[in-house]
Amino acid sequence: MSIRTVDKITKLARSLFAERGYEATAMNDIAEGVGIKKPAIYTYFAGKDELFLAVFRQLAQEYREKMDTLWDRVRGKSVQERLSAMFAGYIRVFAGQPESSMLWNRVLLYPPAHLKEQLWAELLETERPFAERLRQTLADGVNEGIIKADGLHELELSFRSLREGLLMAYLINPELDAAKIERVWHHFWNGIGGQAAKQEGEV
């Protein structure tokens, strides 16, 4: 019974934190939604901070698992296939999970001020291996002569900016044609590689 109660608390808290944010989410609302008294929440969590961190860590673990799955599918494949998975595959996965994406935006843009430093430290540690894979893949493309050597930092920033912007477009308008993801990716790929990327894409 206690495990089910914890699951109900964290599930509802996750929805409310995503929809309203940390500050606007009251422990009373969570208790009422679960069907328990507010003091019962403190049997499982010391307070709202601990509950928020538990929800965030669950979100981060899901992110790690999804990113690992995307990577495992293209491990050892071409630079284009690896980058495509980290671009188009990423957007498809997270565009289909609007609540999780909304919560990520809350954490990134509007974190509780007193938890910001801790959240960012954990976030950076979560993202570190995936950032390293992206940088290494871009470096591989430059070394193979299929990506223009315009600076790895700028390439990574361009990749992330376009990816996150397109993901946001799909979260705002879920009716967008899914084929646009591939079209945008090919524009980007041809842009960073020029003729060499076009030739590889045609092979």
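Residues numbered from 1 in each chain as written. Predicted model: local features only at pLDDT ≥ 70, side-chain atom pairs only at ≥ 80, totals over all residues. Heavy atoms only, no water.

Going by an unreviewed UniProt entry, the chain carries the name TetR/AcrR family transcriptional regulator and comes from Brevibacillus thermoruber.

Enquirer: An account of the overall build of the chain is needed here, citing residue identities and associated values.
Expert: Counting its regular elements, the chain contains 10 helices and 0 strands. In terms of its C-alpha atoms, the chain occupies a principal-axis envelope of roughly 65 × 35 × 30 Å. Going through the 203 residues of the chain one by one, you find that 40% of them count as buried. Taking the contacts inside the chain whose residues are at least 6 apart along the sequence as the reference set, 70% of them involve residues at least 24 apart. When the accessible surface of the chain is summed, it comes to about 11100 Å², and 54% of that surface belongs to carbon and sulfur atoms. Averaged over its 27 positive side-chain charges, the chain has a centre that lies 4 Å from the centre of its 29 negative ones. (Helix = DSSP H or I, 4+ residues; strand = E, 2+ residues; numbered from the N terminus. Buried < 20%, exposed > 50% of the residue type's maximum accessible area, 1.4 Å probe, protein only. Contact = heavy atoms within 4.5 Å. Areas by Shrake-Rupley, 256 points an atom, 1.4 Å probe, with all protein chains shown as cover. Lys, Arg positive; Asp, Glu negative; His and termini not counted. Charge placed at Lys NZ, Arg CZ, Asp CG, Glu CD.)

Enquirer: An account of the packing of aromatic side chains is requested, with residue identities and associated values reported.
Expert: Enumeration according to the criterion identifies 14 aromatic pairs in this entry. Relative to Phe130, the ring of Tyr63 has its centre 5.6 Å away and its plane inclined at 90°; by these criteria the two rings are edge-to-face. Separated by 67 residues along the polypeptide, Tyr63 in helix H4 (residues 48–74) and Phe130 in helix H7 (residues 116–143) bring together distant segments of the chain. In this pair, the class of Tyr63 matches that of Phe130, namely buried. (Phe/Tyr/Trp six-rings, centres within 6.5 Å; stacked < 30°, edge-to-face > 60°.)

Enquirer: Tell me about the nonpolar core, residues and numbers included.
Expert: In terms of nonpolar packing, the biggest core is built from 54 residues, with Ile30, Leu51, Leu83 and Ile147 touching the most fellow members. Listing elements by their share of this core, those giving two or more residues are helix H1 (2–20), helix H2 (27–34), H4, helix H5 (79–95), helix H6 (98–109), H7, helix H8 (152–172) and helix H9 (179–193). The biggest single contributor to this core is H4, with 12 residues. In this structure Leu51 touches Ile9, Thr10, Ala13, Phe17, Met27, Ile30 and Phe45, once residues within four positions along its chain are discounted. (Core = buried A, V, L, I, M, F, W, Y, C linked by side-chain atoms within 4.5 Å.)

Enquirer: Can you explain the packing of H5 against H7? Please cite residues and give values.
Expert: Contact pair H5 / H7: the axes reach a minimum separation of 9 Å and the direction vectors enclose 150°. The angle between H5 and H7 places the two elements in the roughly antiparallel class. Considering the relative orientation of H5 and H7, their crossing is left-handed. Residues Val79, Arg82, Leu83 and Met86 of H5 form the contact with H7, whose own contacting residues are Arg133, Leu134, Thr137, Leu138, Asp140 and Gly141. Of the residues belonging to the contact of H5 with H7, the class tally is 5 nonpolar, 2 polar and 3 charged. (Axes fitted to C-alpha atoms, helices over the stretch in contact; angles between N-to-C directions. Parallel < 35°, antiparallel > 145°, perpendicular 65-115°, else oblique. Left-handed = near helix turned anticlockwise from the far one by under 90°. Nonpolar A, V, L, I, M, F, W, Y, C, P; charged D, E, K, R; others polar.)

Enquirer: Outline the side chain of Ser84, supporting the account with residue identities and numerical values.
Expert: Here Ser84 is to be found in helix H5. According to the relative accessible area criterion, Ser84 is buried, its value standing at 18%. Setting aside anything within four residues of it in sequence, one finds Ser84 in contact with Gly89 and Trp185.

Enquirer: Pulling in residues and values, what's your account of the pattern of salt bridges?
Expert: Under the counting rule described, the total for this entry stands at 14 salt bridges. Across the pair Asp68 and Arg133 runs a salt bridge whose closest N-O atoms are separated by 3.1 Å. Taken together, the residues Asp68 in helix H4 and Arg133 in helix H7 connect sequence positions 65 residues apart. For Arg128, the salt bridge identified is with Glu132, shortest N-O distance 3.5 Å. Here Arg128 and its partner Glu132 are both found in helix H7, 4 residues apart, which amounts to about one turn of the helix. (Salt bridge = Lys/Arg side-chain N within 4 Å of Asp/Glu carboxyl O.)

Enquirer: Residues and numbers for a nonpolar patch on the surface, please.
Expert: A cluster of nonpolar residues, Leu108, Leu109, Tyr110, Trp120 and Leu124, forms a patch on the protein surface that exposes about 540 Å² of accessible area. Looking at the nonpolar patch, the elements with two or more residues in it are H6 and H7. Residue position: Leu108 is located in helix H6. (Patch = residues over 30% accessible without salt bridge, like charges linked within 9 Å, V, L, I, M, F, W, Y side chains within 5 Å.)

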